[in-house]
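# Inside the fold
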Amino acid sequence: MLSHNRAYIEALYHHYITNPESLDPSWRAWFQAENQEPLFTGSDGQKTNDDVDRTIKALMFIRSYRVRGHLHAALDPLNLEKRPAQTELDPITYGFEAKDREIPIVLNGVLGFEKASICTIEERLKRVYSHHIGVEFMHIQDPEQKKWIQLYVENHPIDAHITSEDRLAILTSLARADIFESFLKAKFPGAKRFGLEGGEALIPGLNALLEVAANESVRDISVGMAHRGRLNVLANVLDKKLAHILFDFLDRAPTPNSTHLGDVKYHKGFSTDRTINTSQIHLNLADNPSHLEAVNPIVAGRVRAKQAYFRIQNPGENPKDAIMGLLIHGDAAFAGQGLVAETLMLSELPGYECGGIIHVIINNQIGFTTKPKHGRSSPYPSDVMKMIQAPVLHVNGDDPEAVVFCCRMAMEFRQRFHKDILIDLHCYRRMGHNEMDEPSYTQPLMYACIGNHKNVYTQYKNQGTQHNFFSPDEIQKIEETIHNDLESAFVESQKMATPPEPEWKCGAWKNLAKKAVTKTAITRKIYDSLARTLTTIPHGFHIHPKLKRQLETKKAALAAGRNLDWAIGEALAFGSLVHDGFHVRLSGQDSGRGTFAHRHGRWIDTTNECTHTPLEHIGRGVFELIDSPLCEASVMGFEYGFSLTDPRNFVMWEAQFGDFSNGAQVIIDQFLACAESKWHRLNGLVLLLPHGYEGQGSEHSSARLERFLQMSSQENWTVANCTTPANFFHLLRKNVAHPTRKPLIIMTPKSLLRHKLAVSSREDFISKSVFLPLLPDPDNPSSTLIKTVVLCSGKIFYDLLVHRRETQRQSDVALIRVEQLYPFPHDQIIAELIKYPHAKVLWAQEEPENMGAWTYMDRKIETVLLHLKRTQIWPQKITRLSSASPATGSPSQHAREQEAIIAEIFSQDKKANRK
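In this text, all values refer to a predicted model and were calculated from it rather than measured experimentally.

Glancing now at empty space enclosed by the protein. Sizing a probe to match a water molecule and rolling it over the atoms shows the empty space that remains. Throughout the structure, instances matching the rule amount to 11 cavities of 30 Å³ or more. Taken as a whole, the largest cavity spans an internal volume of roughly 170 Å³. Leu 534, Ala 571, Arg 599, His 600 and Gly 601 are the residues nearest the centre of the largest cavity, which is lined by 16 residues in total. Elements with a contribution of two residues or more to the lining of the largest cavity: helix H23 (545-560), helix H24 (566-579) and strand S14 (622-627). Tallying contributions element by element places H24 first for the lining of the largest cavity, with 4 residues.

Structure (structure tokens):
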């Protein structure tokens, strides 16, 4: 043993001499304090070999506790979890026998001891690492972070840092949490509230976290959490008015025929300013559906956006110090939902990192009816945090002082290192999944135990009176005050006739209509300035030869004002918005170059890979172009969150192919489509979804246009499929001109990016030009000869136009493009069809009959025909056959299908009615 340890410590000493930062801080401290050379030579007899051996073994024992002590911690309030023995945490493993337990061991400051017996060392280690707190941090590779955590937990005994004022604050918070739940249960016995019973220690923990945040100059905290305990947090942490919470339980409709449907009370968000120790912190609780972890990237995006504006408004201050995020999770969801890992993965990426988010898991040790052993494959629900080397603090929820300690520590760690940290609050769920659920069907033993278990408030006040921390009169006064506040709020809620004003009418969104840009065209001066910016290569910049030729072609087109392609139209839109002072942000997979190598928004020096992004050099506004990681849900959620923060944000998410947006369907369904009606939130997020049938297979064809149209109602967004660069330009600019801001869904092209007919002129961007939701036939055919009017959208228009011109059939078929599908351009279509009073009307699309826009356009066109009193009551359709898959993977089959569609449109013997 001695020989082995001597070799080991000599190797460590060598590292200390050559690279001291590579060592654990305890070893560094020991070497610094010792006169090292004699330890190994034994020449002066200062220490015996046994002394050295005991010190080495003790340090190894201490390190084992730092690594694995959490596995012996008493974390379960119910004491149901049977934890296996850890031989590495037994002194016998390191050769300490019973006769050695009281022998002093030289430690030179490790654990705060100059000398201590193994018995004393073990007692201290159990208290620090294996009592009611278990710390996981030795997986962290950053030595400074690891050292900070080690010193914090070893040198900050909980008892010494909990004052009498702290205990009174903890007692009051626990009382408010407990009485709040009891009050709701009594007043609304049949209502779901997803109460916090069993996890009430969360409330004093969060309040302690906010106190540290206030002292650390935090000014804004964006919060996301699921339904468990949400109402309690609103009442007792965010200080939402109790009467407003209780009003929701009365279930009164806001107004007759309201278009703002809202969601259940335990999903709603809230914003407030809370004063703590003379400092004011803005707290914002994000809306969250039952898709529990979907809110994570949204909160991260909001934090990033707020930090961006803080940086502009407060130069010289670090926005990461002032603005942060807090996410509160459930144990089953945190372990099971992929969005958790996706959001963590974003946490330190350029364009997404926001200085660290504090995570709290309300660990009920059950997911609805599922036990942990059936719900995850890892010991803790928090284990996914290790992918970003974040520390984890496990804590027993029945020890509120330990919870407060962990929350304070987490806040201090986040402020120092701007890195994520997690608190795993081990507690239980006293009721079922909701208050109407019977949990003992599936967990009879657990709920038998819970039924006999005193809640944390009862335990804490009993302990407090036993130790004379609080008097019974003091406790009674606190409880009476809380009861009186709740009763007064209940009376007030019954007198309320309407709910509070939606928060979208406040802050940056207030009076938005008065601030809107009303003109989408730009001046010739701005056009020329942007043309120079987009085509000027910086001096000394070595640009790729192929890209240089493309820039020369672009420069000539811009100068001539003709044949301006899609990339130019897009760049003019982005650049003009930056010029107008907007924060323009585009993210997506490979968005810098563009999936189809059309954008080249960022140039790479061929000699050193330095970058130049032309649109970053316009001034006034901000331009961000970000190549995102290979995920959709978290990135789209992040951008949605970014867009919520301020109307001066113009935020876009681009799918590599439109089909890939379905990887983020939960963000589209639960947030974007219903932002205004469900959540009472405004945003202008733009989705750029490449769409078009090019024979590249099912995953590279359809952006599932039909899904967006199916969800279109109450003017919730705009859905478009533009065919000209100029119309695309105006549509993007029109998005910020909307008086309330709406999301924008654009089916962007693939082959049209370079199509010789899909071009615009300079005049289409300047002067009085505007977005046109409907484009008439460009060949202006004679209206008296037209037998068929084809309404279509997107790429198929050019296929039909080319065929008609090549076959000279323009005399009897008119081609009309519907550029904006929703809101449906009813009046414009009527005005266009009036020109062709005797023509049949049909809808043509590339997609199968059960996809694309047909099922939406069918009834819409029918209303137009009825309005015109046409004998043709129903529109005809020309589509691919109904299919379960969006497109074929065979290029030859695709070509045959496309030819068949075109041939049928132009055939003379079309069926009278294809309805």
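Structure's up, so let's keep going.
Pairing in this open sheet of 8 strands is mixed, and the strands run S3-S9-S10-S8-S7-S4-S6-S5 from one edge to the other. Taken across any chain shown, the strands that pair with only one partner, and hence form the sheet edges, are strand S3 (133-136) and strand S5 (270-276). Taken pair by pair, the neighbouring strands of this sheet meet at an average axis angle of 20°, ignoring direction. As defined by bridge partners, strand S8 (residues 357-363) adjoins strand S10 (residues 421-426) across 6 bridges and the pair is classed as parallel. Looking at the pairing, Val 360 lines up with Ile 423 of S10.

Another point: the nonpolar core. Ranked by internal contacts, the top residues of the largest apolar core, which has 107 residues, are Leu 107, Ile 121, Ile 221 and Leu 326. Considering every element that reaches this core, the biggest residue donor is helix H17 (residues 400-417), with 11 residues. When sequence neighbours within four positions are dropped, the list of residues in contact with Leu 326 reads Leu 206, Leu 209, Ile 221, Ser 222, Val 223, Gly 224, Ile 357, Ile 358 and Val 360.

Another point: the environment of Ile 543. With respect to the secondary-structure elements, Ile 543 resides in the loop between helix H22 (524-535) and H23. In this structure Ile 543 comes out as buried when scored by relative accessible area, which is 12%. A C-alpha to C-alpha distance of 9.8 Å links Ile 543 and Thr 611, two positions 68 residues apart in sequence. Those residues in contact with Ile 543, other than ones at most four positions away along the chain, are Ile 537, Lys 548, Leu 551, Trp 603 and Thr 606.

The amide bond that connects Tyr 822 to the next residue, Pro 823, takes the cis arrangement and shows omega of -5°. Mapping Pro 823 onto the fold places it in the loop between strand S22 (820-822) and helix H31 (826-833). For Asn 108, which is not glycine, the phi torsion reads 50° and is therefore positive. Among the structural elements, Asn 108 can be located in the loop between strand S1 (105-106) and strand S2 (115-116).

Procedures and definitions
Residues numbered from 1 in each chain as written. Predicted model: local features only at pLDDT ≥ 70, side-chain atom pairs only at ≥ 80, totals over all residues. Heavy atoms only, no water. 1 Å grid on protein atoms, 1.4 Å probe; cavity = no way out; pocket = protein on both sides within 12 Å on 5 of 7 lines; lining within 4 Å. Points joined across faces, edges and corners; volume = space filled by probe spheres on them. Helix = DSSP H or I, 4+ residues; strand = E, 2+ residues; numbered from the N terminus. Pairing = 2+ DSSP bridges. Axes fitted to C-alpha atoms, helices over the stretch in contact; angles between N-to-C directions. Core = buried A, V, L, I, M, F, W, Y, C linked by side-chain atoms within 4.5 Å. Buried < 20%, exposed > 50% of the residue type's maximum accessible area, 1.4 Å probe, protein only. Contact = heavy atoms within 4.5 Å.

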